[in-house]
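# Observations on the three-dimensional arrangement
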Amino acid sequence: MTDLAHKAGVSVTTVSQILNGKQDRFSDKTVEKVHRLRRDMAMCRILMLKA
């Protein structure tokens, strides 16, 4: 979660709250960025496991 927060430019608390469904507290842009980076990071891990 720390890596995701760093890449998104937000705090770990922000990432945690967004991923736990409390995203109404944040801008749509921030929520989208966190979710997009989470998907991207998950895809990278999957590709690394297949290599």
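Worth saying up front: this structure is predicted, and the values here are computed from it rather than measured.

Moving on to the overall build of the chain. When helices and strands are tallied, the chain shows three helices and zero strands. Listing the helices and strands of the chain from first to last along the sequence gives α-α-α. Relative to its full complement of 51 residues, the chain shows a buried share of 20%. Contacts in the chain between residues far apart in sequence, at least 24 positions, make up 30% of those at least 6 positions apart.

Nonpolar side chains collect at one region of the surface, where Met 43, Ile 46 and Leu 47 lie side by side and expose about 290 Å² of accessible area between them. Inspection of the secondary structure assignment puts Ile 46 in helix α3 (residues 28-50).

A separate point is α3. In this model α3 runs 33 Å from its N-terminal to its C-terminal C-alpha over 23 residues, within 8% of the 33 Å that 1.5 Å per residue would give. Where α3 is concerned, the buried positions are Val 31, Val 34, Leu 37 and Met 41. In this structure, the buried residues of α3 make contact with α1 (2-8) and α2 (12-19).

So, about the confidence of the model for the chain. Here the chain averages 91 in pLDDT, and 98% of its residues register 70 or above. Taken element by element, the predicted model of the chain shows its lowest mean pLDDT in α3 (88) and its highest in α2 (96).

Here is what the cut-offs are and how they apply
- Residues numbered from 1 in each chain as written.
- Predicted model: local features only at pLDDT ≥ 70, side-chain atom pairs only at ≥ 80, totals over all residues.
- Heavy atoms only, no water.
- Helix = DSSP H or I, 4+ residues; strand = E, 2+ residues; numbered from the N terminus.
- Buried < 20%, exposed > 50% of the residue type's maximum accessible area, 1.4 Å probe, protein only.
- Contact = heavy atoms within 4.5 Å.
- Patch = residues over 30% accessible without salt bridge, like charges linked within 9 Å, V, L, I, M, F, W, Y side chains within 5 Å.
- Areas by Shrake-Rupley, 256 points an atom, 1.4 Å probe, with all protein chains shown as cover.
- Salt bridge = Lys/Arg side-chain N within 4 Å of Asp/Glu carboxyl O.
- Expected span 1.5 Å × (residues − 1).
- pLDDT = per-residue confidence, 0-100.

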